[in-house]
Amino acid sequence: MSTVPDPSKEKRPQLLHDELPEEHEDPLIGILHRIIRIGVKVLAVLMVFVILWGIFDVVYVLYQQLIQPPFLLLEVGDIFRLFGAFMVVLIAIEIFINIRLYLGTSVLPIQLVIATALMAIARKVIVLDIETVSAEYVLAIAAVVLALGVTHWLVARKY
């Protein structure tokens, strides 16, 4: 009896990259790789501070909006500003995940990078004030969203 392989269980190919190995045939390159890895770790620590600062900022802005008259009510503009602040924190978290994956794996997280870009442009769309921007600006954002969406779809299909 022959078994047909299940395509959903097949291992998908992954895009591998050389992630700055500390051991290198050229000692100078090895030292430079170690320095860059330390720099990336510093960026990861700084990103955690940015994320925490962003969370405190969202809490503070929400508190400030809720205590102003009319008490405990938010206007539509306030809600959109809060959505934007939330999205900035979520984008920072995605960037931190990109940094962490860069340090800890030999798989280049292309799909995650594209998803982060999609989230960033989605934030732009959410807080977009149609009355103050030109039609060309809206079309440009639409083109970026379409290009990133198609790219994400193609990458997800292939990998």
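A.B. asks: Help me out: how do you make sense of the overall build of the protein in this one?
C.D. replies: Of the regular secondary structure elements, the protein holds four helices and zero strands. Its helices and strands in sequence order give the protein the pattern α-α-α-α, from N to C terminus. A sequence separation of at least 24 residues applies to 66% of the contacts in the protein between residues at least 6 apart. Roughly 11,600 Å² of accessible area belongs to the protein as shown, and the carbon and sulfur atoms make up 71% of that amount.

A.B. asks: Looking at this structure, how should I read a nonpolar patch on the surface?
C.D. replies: Together, Ile 38, Val 42, Leu 43, Val 45, Leu 46, Val 48, Phe 49, Leu 52, Ile 55, Phe 56 and Val 59 give the surface a local cluster of nonpolar side chains, amounting to about 1,000 Å² of exposed area. Among the secondary structure elements, Ile 38 is positioned in helix α1 (residues 27-67).

A.B. asks: What should I look at first to understand the environment of Leu 72 in this one?
C.D. replies: By the secondary structure assignment, Leu 72 is in the loop between α1 and α2 (76-104). With ten residues separating them in the primary sequence, Leu 72 and Leu 62 have C-alpha atoms 9.8 Å apart.

A.B. asks: Whenever I open this one, the packing of α2 against helix α3 (residues 110-126) confuses me. Can you help?
C.D. replies: Helix-helix packing is described using two parameters, namely the angle between the two axes and the distance between the axes. Where α2 contacts α3, the axes come no closer than 9 Å and their chain directions differ by 170°. Our classification of the angle between α2 and α3 gives roughly antiparallel. Seen from α2, the contacting residues are Phe 80, Phe 83, Gly 84, Met 87, Val 88, Leu 90, Ile 91, Glu 94, Ile 95, Ile 97, Asn 98 and Leu 101; seen from α3, they are Leu 112, Val 113, Thr 116, Met 119, Ala 120, Ala 122, Arg 123 and Ile 126. Among the residues forming the contact of α2 with α3, the class breakdown is 15 nonpolar, three polar and two charged.

A.B. asks: Help me out: how do you make sense of the pattern of salt bridges in this one?
C.D. replies: Oppositely charged side chains may form a pair once their charged atoms are brought near each other. Counting across every chain of the model gives one salt bridge. With a closest N to O distance of 2.4 Å, Arg 81 and Asp 78 form a salt bridge. Taken together, the residues Arg 81 and Asp 78, both in helix α2 and three residues apart, mark about one turn of the helix.

A.B. asks: Please clarify how α1 should be interpreted in this entry.
C.D. replies: Helical geometry note: an α-helix holds 3.6 residues per turn, so side chains three or four residues apart project in the same direction. Given a rise of 1.5 Å per residue, 41 residues ought to cover 60 Å, and the 60 Å separating the end C-alpha atoms of α1 matches this to within 8%. Turning to α1, its buried residues are Gly 30, His 33, Arg 37, Val 40, Ala 44, Met 47, Ile 51, Gly 54, Val 58 and Gln 65. Where α1 starts, the residue carrying a side-chain oxygen 3.0 Å from the main-chain nitrogen of Leu 28 turns out to be Asp 26.

A.B. asks: Just checking my understanding: could you explain the packing of α3 against helix α4 (residues 135-158) for this structure?
C.D. replies: Where α3 contacts α4, the axes come no closer than 10 Å and their chain directions differ by 155°. By the angle between their axes, α3 is roughly antiparallel relative to α4. Considering only the axes of α3 and α4, their crossing is left-handed. Taking contact as the criterion, the partners of Ile 110, Gln 111, Ile 114, Ala 115, Ala 117, Leu 118, Ile 121, Lys 124 and Val 125 in α3 are, on α4, Tyr 137, Ile 141, Val 144, Val 145, Leu 148, Gly 149, Thr 151, His 152, Val 155 and Ala 156. Split into classes, the residues belonging to the contact of α3 with α4 amount to 14 nonpolar, four polar and one charged.

A.B. asks: Which parts of the structure should I look at to understand unusual backbone geometry?
C.D. replies: Leaving glycine aside, a negative phi is the common case for residues, and trans is the common case for peptide bonds. Going from Pro 69 to Pro 70, the amide bond is cis rather than trans, its omega being -5°. Locating Pro 70 in the fold gives a position in the loop between α1 and α2.

What counts and how
Residues numbered from 1 in each chain as written. Predicted model: local features only at pLDDT ≥ 70, side-chain atom pairs only at ≥ 80, totals over all residues. Heavy atoms only, no water. Helix = DSSP H or I, 4+ residues; strand = E, 2+ residues; numbered from the N terminus. Contact = heavy atoms within 4.5 Å. Areas by Shrake-Rupley, 256 points an atom, 1.4 Å probe, with all protein chains shown as cover. Patch = residues over 30% accessible without salt bridge, like charges linked within 9 Å, V, L, I, M, F, W, Y side chains within 5 Å. Salt bridge = Lys/Arg side-chain N within 4 Å of Asp/Glu carboxyl O. Axes fitted to C-alpha atoms, helices over the stretch in contact; angles between N-to-C directions. Parallel < 35°, antiparallel > 145°, perpendicular 65-115°, else oblique. Nonpolar A, V, L, I, M, F, W, Y, C, P; charged D, E, K, R; others polar. Expected span 1.5 Å × (residues − 1). Buried < 20%, exposed > 50% of the residue type's maximum accessible area, 1.4 Å probe, protein only. Polar contact = N/O pair within 3.5 Å; in protein donor to acceptor, adjacent residues only side chain to side chain. Left-handed = near helix turned anticlockwise from the far one by under 90°.

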